[in-house]
Amino acid sequence: EEKQAAPEAIPGSLFLFLSSSVPQETLQAYMRDLSLVESLPVRAVLPGLPMGLDNLRENQGFFSRILQIAPACRTGPDHKCPWLPVPLHIDPILFTRFGISAAPALLYELGGNHWLIQGDAGLATLVELLARASESPALQQLSLRLRGSH
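Counting of residues starts from 1 at the beginning of each chain's written sequence and follows it residue by residue. Given that this is a predicted model, residues contribute local features only at a pLDDT of at least 70 and side-chain atom pairs are listed and counted only at 80 or more, while totals for whole chains, interfaces and linings are drawn from all residues. For the side-chain quantities, the full set of heavy atoms in the structure was used; hydrogens and water were omitted.

*Asks:* Honestly, the packing of aromatic side chains in this entry has me stumped. Any pointers?
*Replies:* Centre distance and the angle of the planes are the two values used to describe a pair of aromatic rings. A pair of aromatic rings is counted whenever rings of Phe, Tyr or Trp (Trp by its six-membered ring) have centres within 6.5 Å, and the orientation is called stacked for planes under 30 degrees apart, edge-to-face for over 60 and tilted otherwise. Applying the stated criterion to the full structure yields six aromatic pairs. A ring pair is formed by F15 and F17, whose centres lie 6.1 Å apart and whose planes are at 40 degrees; its orientation type is tilted. Here the two residues F15 and F17 agree in accessibility, since each one is buried. Aromatic pair F15 and F98: ring centres 6.0 Å apart, planes at 40 degrees, arrangement tilted. Placement of the pair is F15 in strand 1 (residues 13-17) and F98 in the loop between helix 3 (92-97) and strand 4 (105-110), with a sequence separation of 83 residues. A single burial state applies to F15 and to F98, both of which are buried. Put simply, the rings of F15, F17, F95 and F98 touch in pairs and so form one group of aromatic residues. Note on classification: 1.4 Å probe, protein chains only; a residue is buried when its accessible area is under 20% of the maximum for its type, exposed when over 50%, partly exposed between these limits. Runs of E in the DSSP output that reach at least two residues are strands. Runs of H or I that reach at least four are helices, and both are numbered from the N terminus.

Right under this line is the structure:
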């Protein structure tokens, strides 16, 4: 699919809080949405490695399942499946700082204030709800751009 041009700069920070308990199909949809709009100002965050530090193979499998462009693709010795270019950040401190206890959640922080929307909804819907709550025209534009990318 074609990437959309970068939206206008959004003041503040947007964090998409995720966890391995979110259904795989939902995580894949978020990753697709994040990959469609160039320079999307949303930082996807996990509280830790899904399978812990001692299970690197299982962690790689988890990331492969949610980031592969074609989820049915199987990497082999002579074939690597392409991944979506979406950075995922491991940051348990952010979860603690904002009191995030359930995922998915989208948080908008601006000037010492923050707004939080939790629930299993599409990224465009979460951004639209945050735009209304924060009265942010820039977030409203981002929501429209996300809806236009499908």
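*Asks:* Help me out: how do you make sense of a nonpolar patch on the surface in this one?
*Replies:* Taken together, the side chains of L49, L53, L56 and I90 define a hydrophobic patch exposed on the protein surface, amounting to about 390 Å² of accessible area. Tracing the backbone through its elements, the reader meets L53 in the loop between strand 2 (42-46) and helix 2 (56-67). Given the relative accessible area of 69%, L53 is considered exposed. Patch criteria: residues need more than 30% relative accessible area and no salt bridge. Like-charged residues are merged within 9 Å; nonpolar side chains of Val, Leu, Ile, Met, Phe, Trp and Tyr are merged within 5 Å. Residue-level accessible areas treat just the shown protein chains as cover; the underlying method is Shrake-Rupley with a 1.4 Å probe. Salt bridge, as used here: a side-chain nitrogen of Lys or Arg that lies within 4 Å of a carboxyl oxygen of Asp or Glu.

*Asks:* It is not clear to me how helix 5 (residues 137-148) should be interpreted in this structure. Could you clarify?
*Replies:* A helix is expected to span 1.5 Å for every residue after the first. With 12 residues, helix 5 ought to run about 16 Å at 1.5 Å a step, and its terminal C-alpha atoms sit 17 Å apart, in line with that. All buried positions along helix 5 are accounted for by A138, L139, L142, S143 and L146. For helix 5, the angular spread of buried residues about the axis comes to 145 degrees, placing them on one side. The exposed set on the far side of helix 5, more than 90 degrees from its buried face, consists of P137 and G148. By definition, the arc is the one covered by directions from the helix axis to the C-beta atoms.

*Asks:* Looking at this structure, I do not really get the pairing of strand 4. What am I missing?
*Replies:* The side chains of a regular strand alternate between the sheet's two faces. Burial within strand 4 is extensive, with five of its six residues counted as buried. Here a strand pair is declared whenever DSSP counts at least two bridges between the two strands. Relative to strand 4, strand 1 is paired through five bridges, and the arrangement is antiparallel. Within the sheet, the bridge partner assigned to S13 lies in strand 4 and is E109. Sheet topology places strand 4 next to strand 5 (residues 113-118); six bridges connect them, and they run antiparallel. Looking at the pairing, L110 lines up with N113 of strand 5.

*Asks:* Explain the nonpolar core to me, please; I cannot follow it from the model alone.
*Replies:* Here is a general trend for soluble globular proteins: nonpolar side chains tend to be buried in one another's company. Counting 31 residues, the largest nonpolar core has L14, L16, M31, L106 and L139 as the members making the most contacts within it. Of all the elements in the fold, those that place two or more residues in this core are strand 1, helix 1 (24-36), strand 2, helix 2, strand 4, helix 4 (123-134) and helix 5. For this core, the leading source of residues is helix 4, giving six residues. Ignoring anything within four residues of it in the chain, the contact list for M31 reads L18, I66, L67, L84, V86 and L88. F15, F17, F95 and I100 belong to the second-largest nonpolar core, a separate cluster that totals nine residues. Here the nonpolar core consists of buried residues drawn from Ala, Val, Leu, Ile, Met, Phe, Trp, Tyr and Cys, with membership extended through side-chain atoms lying within 4.5 Å. Working rule for contacts: check all heavy atoms of both residues, and any pair within 4.5 Å makes them a contact.

*Asks:* How should the side chain of S136 be read in this particular structure?
*Replies:* Residue position: S136 is located in the loop between helix 4 and helix 5. Excluding residues that lie within four positions of it along the chain, S136 makes contacts with Y108 and A131.

Interpretation note: all reported values are geometric properties and have no functional meaning in isolation.
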